[in-house]
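Given next are the chains, with one letter for each unit.
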Amino acid sequence: MKKKEKPNYWLMKSEPDVFGIDHLIAMPKKTEHWDGVRNYQARNMMRDEMKKGDLVFFYHSNCKQPGIVGIMTVVKEGYPDHTAFDSNEKYYDPKSDPDNPRWYMVDIRHKRRLKRNITLEELKEFADTELKDCPLVRRGNRLSIMPLSEAQWDFILSLE
DNA sequence: GCCAACGTTGGC
DNA sequence: GCCAACGTTGGC
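Residues numbered from 1 in each chain as written. Chains lettered and ligands numbered in written order. Predicted model: local features only at pLDDT ≥ 70, side-chain atom pairs only at ≥ 80, totals over all residues. Heavy atoms only, no water.

Chemist: With reference to specific residues and values, describe unusual backbone geometry.
Modeler: The backbone of Lys-30 sits at a positive phi, close to 50°, despite the residue not being glycine. Relative to the helices and strands, Lys-30 is located in the loop between α2 (21-26) and β2 (31-33). In this model, Asn-62 sits at a positive phi of 55°, which is unusual for a non-glycine residue. If you trace the backbone, Asn-62 turns up in the loop between β3 (55-60) and β4 (67-80). Under the relative-accessibility criterion, Asn-62 is labelled exposed at 60%. (Helix = DSSP H or I, 4+ residues; strand = E, 2+ residues; numbered from the N terminus. Buried < 20%, exposed > 50% of the residue type's maximum accessible area, 1.4 Å probe, protein only.)

If you want it as structure tokens, here you go:
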């Protein structure tokens, strides 16, 4: 009998003014490719580790009230970020060659909003306990995609 | 391969 | 808008 694999858990940041959860919900099938990531650590996670069916928190960054606003799911695994090849694109990178792409993305589908937003301020209260290993609540963290353990995921959801 | 300079992220 | 923290670049 085939056993269903457990999903991995992630958190992905985006600026609501640029692409927020409302933008995702407005997309056809509420699905969009997560382009524009130009950081190697985040790239590696999308290219190598994110699997179809994985669950992702949608985090709003660089805004009045940063925090987690919804849940998404991975619907397409890592493939080359074509926006890096197009000089008209904001995230154009001449060093990314279509024959040897430097940047990758995944496709993400909206699952649901949280019943209420869980703010960074609130999450920081657990920086020394339940979330002590989570880079999100550590000062100076700039990683736009990060993995969460199942325990961290469950804990955050329990705050909802 | 070191490291200073620079650019970007993102909370505040 | 400020600025700390961090990643990347490039001279040496």
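Chemist: Run through the packing of aromatic side chains, naming residues and quoting values.
Modeler: On inspection of all chains with the given rule, the structure shows 6 aromatic pairs. Pairing Phe-19 with Trp-34 gives two aromatic rings, centres 6.3 Å apart and planes at 90°, and the pair type is edge-to-face. Of this pair, Phe-19 sits in helix α1 (residues 16-19) while Trp-34 is found in the loop between β2 and α3 (40-49), placing the two residues 15 residues apart along the sequence. For Phe-19, a relative accessible area of 18% gives the class buried. Among the aromatic residues, ring-to-ring pairing joins Tyr-9, Phe-57 and Trp-153 into one connected group. The ring of Tyr-104 is capped by Arg-47, whose NZ or CZ atom sits 5.9 Å from the centre of that ring. Lying across the ring of Tyr-79, Lys-76 places its NZ or CZ 3.9 Å from the centre. (Phe/Tyr/Trp six-rings, centres within 6.5 Å; stacked < 30°, edge-to-face > 60°. Lys NZ or Arg CZ within 6 Å of the ring centre and 35° of its normal.)

Chemist: Describe α3, and please don't skip the residues or the numbers.
Modeler: Every buried residue of α3 is listed here: Ala-42, Arg-43, Met-45 and Met-46. Along the long axis of α3, the arc covered by the buried residues comes to 160°, so they all point the same way. On the buried face of α3, the contacting elements are β1 (9-14), β4, β5 (104-119) and β6 (145-148). Between the side-chain oxygen at the start of α3 and the backbone nitrogen of Gln-41 there is a gap of 3.0 Å, and the oxygen is on Asn-39. (Arc of directions from axis to C-beta. Contact = heavy atoms within 4.5 Å. Polar contact = N/O pair within 3.5 Å; in protein donor to acceptor, adjacent residues only side chain to side chain.)

Chemist: Account for the environment of Asp-99, with residues named and values stated.
Modeler: Looking at the secondary structure, you find Asp-99 in the loop between β4 and β5. Considered as a pair, Asp-99 and Leu-120 are 21 residues apart in the sequence and their alpha carbons are 40 Å apart.

Chemist: Explain the UniProt feature "domain: EVE" (unreviewed entry) in chain A to me, and be specific about the residues and the numbers.
Modeler: When the UniProt feature table is mapped onto this chain, "domain: EVE" (unreviewed entry) is found at residues 8-158. Secondary structure content for residues 8-158 is 23% helix and 32% strand, and the end C-alpha separation is 18 Å. (UniProt positions renumbered as here; feature names shortened; annotations may be inferred.)

Chemist: So what's going on with the side chain of Thr-119? Which residues, and what values?
Modeler: Turning to its location among the elements, Thr-119 is positioned in strand β5. With residues near it in sequence (within four places) discarded, Thr-119 still touches Gln-65, Pro-66 and Gly-67.

Chemist: Describe the sheet that holds β4, with residues and values.
Modeler: Pairing is mixed in the open sheet, where 6 strands are placed in the order β2-β5-β4-β3-β1-β6. The strands lining the two open edges of the sheet, one partner per strand, are β2 and β6. Averaged over neighbouring strand pairs, the angle between their axes works out to 35° when direction is ignored. Relative to β5, β4 is paired through 10 bridges, and the arrangement is antiparallel. Looking at β5, one finds that Gly-70 is bridged to Arg-113. (Pairing = 2+ DSSP bridges. Axes fitted to C-alpha atoms, helices over the stretch in contact; angles between N-to-C directions.)

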